[in-house]
Amino acid sequence: MPLEVVVLAAGHGKRMRSRTPKVFHNVLDKPMLAHVIEVARQAQADRIHTVVRPQMLELARQLSADGINWVLQEEPKGTGHAVLQAMPDISQDSHVLVLNGDAPLIMHETVASILAKGSNSLVVVTAELQDPSGYGRIVRDHEGLVCGIVEDRDASFSQRKVREVNSGAIAASARVLQPLLDQLNCSNAQGEYYLTDIVGLAKQAGVKVQTVMAKDPEEVLGVNDRIQLAQAERILARRRAESLMKQGVTLKDPSRFDPRGKINAGIDCSIDVDVVLEGDVTLGEGVSIGPGCVLRDVEVGDRTVLREYSVIESAKIGSDCSIGPIARIRPGSVLEDEVSVGNFVEVKASKLGRGVRANHLAYIGDAELGSDVNVGAGAITCNFDGASKHRTVIGDNVFIGTNCTMVAPLSVGSGAFLAAGSTITTDVSGEVLAVGRARQREISRWTPPQRRKKT
Ligand code: UD1
Ligand code: CA
């Protein structure tokens, strides 16, 4: 039986107080809607229908969610009304799973257990919450059978005390679902067509209602405001942190870790507090990342130490390197093994050969440095002439003295020595000393500046 998933995303999300529709707010690396769609994909849905308002289509298409059937709900008239908009696109013979676009933490395992219950009954995912306020409550009869769901705003005082809540994930065959949806009305506190009313209707129609209790109550968190958005982000971060710890990574404080991307890490890596990892990050074995580092699309070799507050983006760093503190490695940079880049050094689109040392205050842009080059403090490649960028190519074992200004295009032969304070404008041969500065002289008869006397 084909599986068709309906993701509900058309609500106003007023409690977010945002111009961005709620489901497009990010939870770590991607919009919460993208997390839900990912779960639908993991469940091997044959089709995924996502219900949005027409104004959301533009953002929706940017979601890189190929193969999604975007269903329009002109006005958000409730979750039941939203599912009804998708029904004409759904085959009568399919198994339908409804997921809330604002519940990004639902796990694949839970979805799999809903589907395992079969399609002849109505299956609802529930959770037992310490604080159930805001959620629909599961109402059971004296035998413990589910007889309905009552929304928080419509619940009586005693119903509000029920801690078992509706997660929003509901499944049944299209054949079971359609006639129940057709009976919905909007006589309730919010004047909406509640999807949840189908549970009471199922009971009346003699359709079996089953529940699947989420293993972890955190899974069902619905994000209605920015407080819940922050909670969802922390829960997801902790899940990813725990999976890294299980793989052999030490996290100084898993609650102060922002894994906003896909992370691959070898054993014995250690990550200090407030580290942000984005995009694709691959760490070798024994990599150490200091507090406050930000890495975006980076590959780092074994035993390399990234010291505090370094920012590295779209770069490849070799093994046994030492980077930072406060270093900036920009896109297109490749650092070979045993490179040392110290504080206030910026490297952009450059290749640094094995053993290069640039320990203080330097800018290396559009350059290629051979092995064992020493870059003195304050050395700068002048790669931009105001119109275009030019390259600097430096051989092996070159010594770049303090405060050298290397005006590109430029090439420096292996073993050359650039004297401190030089402005190097023409190519330098190998093994020579290049001096490009005014000669120092002494002036003995001179009049020092005089302070003007106060009158
Ligand atoms: C809903 C459930 C509640 C459950 C909770 C779990 C209903 C009536 N209530 O409440 O039982 O405990 O989720 O988080 O279903 N949406 C549409 N079109 C609409 C209205 C909503 O697509 O017309 C979408 C929203 O974008 C959202 C989802 O449906 O992603 C849930 O809607 P929301 O208004 O947040 O429902 P809750 O009040 O949280
Ligand atoms: Ca909600």
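Computed from a predicted model, the values in this text were never measured in an experiment.

**Q** So what exactly am I meant to see when it comes to the overall build of the protein chain here?
**A** Each helix and strand in the protein chain was counted, giving 8 helices and 35 strands. A globule of 455 residues ought to have a C-alpha radius of gyration of about 23 Å, yet the protein chain, at 31 Å, is considerably larger. Oriented by its inertia axes, the alpha-carbon framework of the protein chain measures out at about 110 × 65 × 40 Å. Scored against the burial criterion, the 455 residues of the protein chain give a buried share of 50%. Counting only contacts in the protein chain whose residues sit at least 6 apart along the sequence, the fraction spanning at least 24 positions is 40%. Summed over all atoms, the accessible surface of the protein chain reaches about 22,100 Å², with 48% contributed by carbon and sulfur. Counting 52 positive and 55 negative side-chain charges, the protein chain places the averaged centre of each group 8 Å from the other.

**Q** Sorry, what's going on with the site of ligand 1 here?
**A** Neighbouring residues of ligand 1: 24 residues in total, closest Gln 73, Gly 78, Thr 79, Glu 151 and Asn 166. Contacts to ligand 1 include Asp 102, whose side-chain N or O atom sits 3.0 Å from an oxygen atom. Compared with its free state, where it exposes 750 Å², ligand 1 has 92% of that area covered by protein. When residues of the shell around ligand 1 are traced back to their parent elements, those giving at least two are helix H3 (79-86) and strand S10 (164-173).

**Q** Just to check I follow, could you spell out the nonpolar core for this structure?
**A** If you look at soluble globular proteins, the nonpolar side chains tend to sit buried side by side. With 54 residues, the main nonpolar core has Leu 283, Ile 289, Leu 295, Ile 323, Val 375 and Ile 400 as its most contacted residues. The element best represented in this core is strand S15 (residues 275-283), accounting for 4 residues. Discounting chain neighbours no more than four positions away, the residues touching Ile 323 are Val 305, Leu 306, Arg 307, Ser 310, Ile 312, Ile 317, Ile 329, Leu 335 and Val 341. Core analysis: the second largest hydrophobic core is formed by 51 residues, Phe 24, Ala 40, Tyr 135 and Ala 169 among them.

**Q** Would you explain the confidence of the model for the protein chain in this entry?
**A** Any region with low pLDDT has predicted coordinates that should not be read closely. Within the protein chain, residue pLDDT values average 97, and 100% of them lie at 70 or more. For the protein chain, helix H2 (residues 57-61) is the element with the lowest average pLDDT, namely 91, and strand S22 (residues 333-335) is the one with the highest, namely 99.

**Q** Help me understand the environment of Ser 350 in this model?
**A** Topologically, Ser 350 is positioned in the loop between strand S23 (340-348) and strand S24 (351-352). The class of Ser 350 is buried, set by a relative accessible area of 2%. Distance in space between the C-alpha atoms of Ser 350 and Gly 206 is 70 Å, their sequence separation being 144 residues. When sequence neighbours within four positions are dropped, the list of residues in contact with Ser 350 reads Gly 332, Ser 333, Val 334, Ile 364, Gly 365, Asp 366 and Ala 367. A distance of 3.2 Å separates a polar side-chain atom of Ser 350 from the backbone nitrogen of Asp 366.

**Q** I would appreciate a short explanation of the coordination of the calcium ion (ligand 2) in the present structure.
**A** Metal coordination angles have textbook ideals: 109.5 degrees for a tetrahedral set of four donors and 90 or 180 degrees for an octahedral set of six. Looking at the calcium ion (ligand 2), the protein donor atoms are Asp 102 (OD) and Asn 224 (OD1), and they sit 2.2 to 2.4 Å from it. Here Asn 224 lies in the loop between strand S11 (209-213) and helix H8 (226-246) and Asp 102 lies in the loop between strand S6 (95-100) and helix H4 (108-116), a separation of 122 residues in the sequence.

**Q** Can you walk me through helix H7 (residues 197-205) in this structure?
**A** Each turn of an α-helix holds 3.6 residues, which means side chains three or four residues apart point in the same direction. Residues Ile 198, Val 199, Gly 200, Leu 201 and Ala 202 constitute the buried set of H7. Check the buried side of H7 and you find it contacts strand S7 (122-128), strand S9 (146-150), S10, helix H6 (174-182) and S11. Where H7 ends, the next residue or the one after it, Gly 206, has phi of about 75°, a positive value.

**Q** I tried to follow the pattern of salt bridges on my own but got confused; where do I start?
**A** Opposite charge on two side chains permits them to pair, given that their charged atoms come into close proximity. All chains considered together, the criterion is met by 23 salt bridges. Taking the shortest distance from any N to any O, the salt bridge between Asp 93 and Arg 175 comes out at 2.3 Å. Of this pair, Asp 93 sits in the loop between H3 and S6 while Arg 175 sits in helix H6; the two residues are 82 residues apart in sequence, bridging distant segments of the chain. For Asp 93, a relative accessible area of 42% gives the class partly exposed. Arg 354 is paired through a salt bridge with Glu 338; the nearest N and O atoms lie 2.9 Å apart.

**Q** Help me out: how do you make sense of a nonpolar patch on the surface in this one?
**A** A cluster of nonpolar side chains, contributed by Tyr 309, Ile 326, Phe 344 and Leu 361, occupies part of the molecular surface with about 420 Å² of accessible area. Following the sequence through the fold, Tyr 309 ends up in the loop between strand S18 (305-306) and strand S19 (311-317).

**Q** In this structure, what is going on with the packing of aromatic side chains? I would like to understand it.
**A** Geometrically, a pair of aromatic rings is defined through the distance of the ring centres and the angle of the planes. Going through the model one piece at a time under the given rule, you end up with 1 aromatic pair. Seen from their ring centres, Phe 399 and Phe 417 are 4.5 Å apart, and the 15° between their planes marks the pair as stacked. Of the two residues, Phe 399 is situated in strand S30 (residues 399-400) and Phe 417 in strand S33 (residues 417-418); the sequence distance between them amounts to 18 residues. The lysine or arginine in question, Lys 389, covers the ring of Phe 384, its NZ or CZ lying 5.3 Å from the ring centre.

**Q** Help me out: how do you make sense of the state of the cysteines in this one?
**A** Here a disulfide denotes one covalent bond, and it connects the sulfur atoms of two cysteines. What the rule picks out here adds up to 0 disulfides. Cys 404 carries a free sulfur, and the closest cysteine sulfur to it, the one in Cys 382, is 11 Å from it. A relative accessible area of 0% places Cys 404 in the buried class.

**Q** Any chance you could explain the pairing of S6 here in plain terms?
**A** For a regular strand, side chains alternate in direction, first toward one face of the sheet and then toward the other. By the criterion of burial, S6 is predominantly enclosed, with 5 of the 6 residues buried. As paired elements, strand S1 (residues 3-8) and S6 share 6 bridges and run parallel to each other. Its bridge partner lying in S6, Leu 8 is registered against Asn 100. Note: S6 against S10, 4 bridges, orientation antiparallel. Along S10, the bridge assignment pairs Leu 97 with Ala 171.

Definitions and limits used
Residues numbered from 1 in each chain as written. Chains lettered and ligands numbered in written order. Predicted model: local features only at pLDDT ≥ 70, side-chain atom pairs only at ≥ 80, totals over all residues. Heavy atoms only, no water. Helix = DSSP H or I, 4+ residues; strand = E, 2+ residues; numbered from the N terminus. Rg over C-alpha atoms; globule rule 2.2 N^0.38 Å. Buried < 20%, exposed > 50% of the residue type's maximum accessible area, 1.4 Å probe, protein only. Contact = heavy atoms within 4.5 Å. Areas by Shrake-Rupley, 256 points an atom, 1.4 Å probe, with all protein chains shown as cover. Lys, Arg positive; Asp, Glu negative; His and termini not counted. Charge placed at Lys NZ, Arg CZ, Asp CG, Glu CD. Near = heavy atom within 4 Å. Polar contact = N/O pair within 3.5 Å; in protein donor to acceptor, adjacent residues only side chain to side chain. Core = buried A, V, L, I, M, F, W, Y, C linked by side-chain atoms within 4.5 Å. pLDDT = per-residue confidence, 0-100. Donors = N, O, S within 2.8 Å, 3.2 Å for Na, K, Ca; no water. Salt bridge = Lys/Arg side-chain N within 4 Å of Asp/Glu carboxyl O. Patch = residues over 30% accessible without salt bridge, like charges linked within 9 Å, V, L, I, M, F, W, Y side chains within 5 Å. Phe/Tyr/Trp six-rings, centres within 6.5 Å; stacked < 30°, edge-to-face > 60°. Lys NZ or Arg CZ within 6 Å of the ring centre and 35° of its normal. Disulfide = S-S within 2.5 Å. Pairing = 2+ DSSP bridges.

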